Amino acid sequence: MSVRRRLLVAPLLAAGLLACPLGSVLAQQTGVGAAPPAAYVGSAACKDCHAKEYESYSKYSKKAHSSQSVKIMAPKLTAEELTGCYACHTTGYGQPGGFVSFEKTPELANAGCEVCHGPGAAHVDSGGDPALIKSKLAMSECERCHNAERVRNFNFKPMLFAGAH
């Protein structure tokens, strides 16, 4: 598979656009057991309850400013290449309620808290129920963006455990 094709397919896989679990298809078709789609709220919604983590993320994490790289490169990229960037540099791109554009969803323009912890609306609306947000993370989730191919293609050193919070 060519590098260009991998750059296009990987973000679609990461965003779940090429996966279609049978259970969710059946739920959508029948309406049985169908939960409302998860909604993204943006990292600022986390700061009141998670002040220390939010401050550290905002101050030290490159993720907190990840859209700047995309904005710098955008004029040199095709539309397809740009969507590949959005998959890792924004929050919830390709997902219901996720990043759409810098103008329409500026609160989701960077790789924020919900990239790792999942959509946060239910967690926030519940007053912080820990069962409604992902707290245990697996390395495979990080590797959707922090993987060997991107290290080679973009010549960067992934910092999986640095600067998040």
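Calculation notes
- Residues numbered from 1 in each chain as written.
- Predicted model: local features only at pLDDT ≥ 70, side-chain atom pairs only at ≥ 80, totals over all residues.
- Heavy atoms only, no water.
- Helix = DSSP H or I, 4+ residues; strand = E, 2+ residues; numbered from the N terminus.
- Buried < 20%, exposed > 50% of the residue type's maximum accessible area, 1.4 Å probe, protein only.
- Contact = heavy atoms within 4.5 Å.
- Polar contact = N/O pair within 3.5 Å; in protein donor to acceptor, adjacent residues only side chain to side chain.
- Salt bridge = Lys/Arg side-chain N within 4 Å of Asp/Glu carboxyl O.
- pLDDT = per-residue confidence, 0-100.
- Disulfide = S-S within 2.5 Å.
- Axes fitted to C-alpha atoms, helices over the stretch in contact; angles between N-to-C directions.
- Parallel < 35°, antiparallel > 145°, perpendicular 65-115°, else oblique.
- Nonpolar A, V, L, I, M, F, W, Y, C, P; charged D, E, K, R; others polar.
- Phe/Tyr/Trp six-rings, centres within 6.5 Å; stacked < 30°, edge-to-face > 60°.
- Lys NZ or Arg CZ within 6 Å of the ring centre and 35° of its normal.

K.L.:
What is the right way to read the overall build of the protein chain from this model?
P.N.:
Per the secondary structure count, the protein chain includes nine helices and zero strands. N-terminal to C-terminal, the α/β element order of the protein chain is α-α-α-α-α-α-α-α-α. Out of the 165 residues in the protein chain, the part that is buried amounts to 24%. Considering only contacts in the protein chain between residues 6 or more positions apart, those separated by 24 or more positions represent 52%.

K.L.:
It is not clear to me how the side chain of S101 should be interpreted in this structure. Could you clarify?
P.N.:
Relative to the helices and strands, S101 is located in the loop between α5 (79-89) and α6 (113-117). A polar side-chain atom of S101 sits 2.9 Å from the main-chain amide nitrogen of K104.

K.L.:
Looking at this structure, I do not really get the pattern of salt bridges. What am I missing?
P.N.:
A pair can form between side chains of opposite charge whenever their charged atoms are brought close. Inspection of the entire model under this criterion finds one salt bridge. Between E141 and K134 there is a salt bridge whose closest N-O contact spans 2.7 Å. The class of K134 is partly exposed, set by a relative accessible area of 31%.

K.L.:
Please clarify how the confidence of the model for the protein chain should be interpreted in this entry.
P.N.:
Detailed conclusions should not be drawn from predicted coordinates in areas where pLDDT is low. Residues with a pLDDT of 70 or more make up 72% of the protein chain, whose mean pLDDT is 78. Model confidence for the protein chain, summarised as mean pLDDT per element, is weakest for helix α2 (residues 22-30) at 35 and strongest for helix α7 (residues 121-125) at 95. Contacts of residues 1-32 to residues separated by more than four positions or lying in other chains number 32 contacts, the stretch itself having pLDDT below 50.

K.L.:
Would you take a moment to explain the state of the cysteines for this structure?
P.N.:
Formally, a disulfide is one covalent bond, and it connects the sulfur atom of one cysteine to the sulfur atom of another. Under the definition given, this model contains one disulfide. Covalent S-S linkage joins C88 and C145, the inter-sulfur distance amounting to 2.3 Å. In this structure, the disulfide formed by C88 and C145 twists by about -100° around the S-S bond and is classed as left-handed. Highlighted residues: C88 in helix α5 and C145 in the loop between α8 (139-142) and α9 (148-154), separated in sequence by 57 residues. By the burial criterion, C88 is buried, and C145 matches it. Here C85 is not cross-linked by a disulfide; its sulfur's nearest cysteine counterpart is in C88, at 8.7 Å.

K.L.:
Can you walk me through the packing of helix α4 (residues 66-73) against α5 in this structure?
P.N.:
Helices that pack against each other are described as a pair by the angle of their axes relative to one another and the distance between those axes. The N-to-C vectors of α4 and α5 enclose an angle of 170°; their axes lie 9 Å apart at closest approach. Here α4 lies roughly antiparallel to α5, going by the angle between them. Contact with α4, carried on its side by S66, S67, S69 and V70, involves L82, C85, Y86 and H89 of α5 and no other residues of that element. Its residues assigned to classes, the contact of α4 with α5 shows four nonpolar, four polar and no charged.

K.L.:
In this structure, what is going on with the packing of aromatic side chains? I would like to understand it.
P.N.:
Aromatic rings considered in pairs are described by the distance between their centres and by the relative angle of their planes. For the coordinates displayed, the defined rule picks out six aromatic pairs. The interplanar angle of 55° and the centroid separation of 5.2 Å between the aromatic rings of Y86 and Y93 together place this pair among those described as tilted. Looking at Y86, the relative accessible area reads 12%, which means it is buried. Look at Y93 and you get partly exposed, because its relative accessible area is 24%. Relative to F99, the ring of Y93 lies with its centre 6.4 Å away and its plane at 50°, an arrangement referred to as tilted. With relative accessibility at 3%, the residue F99 sits in the buried group. Taken together, Y86, Y93, F99 and F102 form an aromatic cluster joined through their ring pairs. One residue, K71, lies across the ring of F102, its end atom 4.7 Å from the ring centre.

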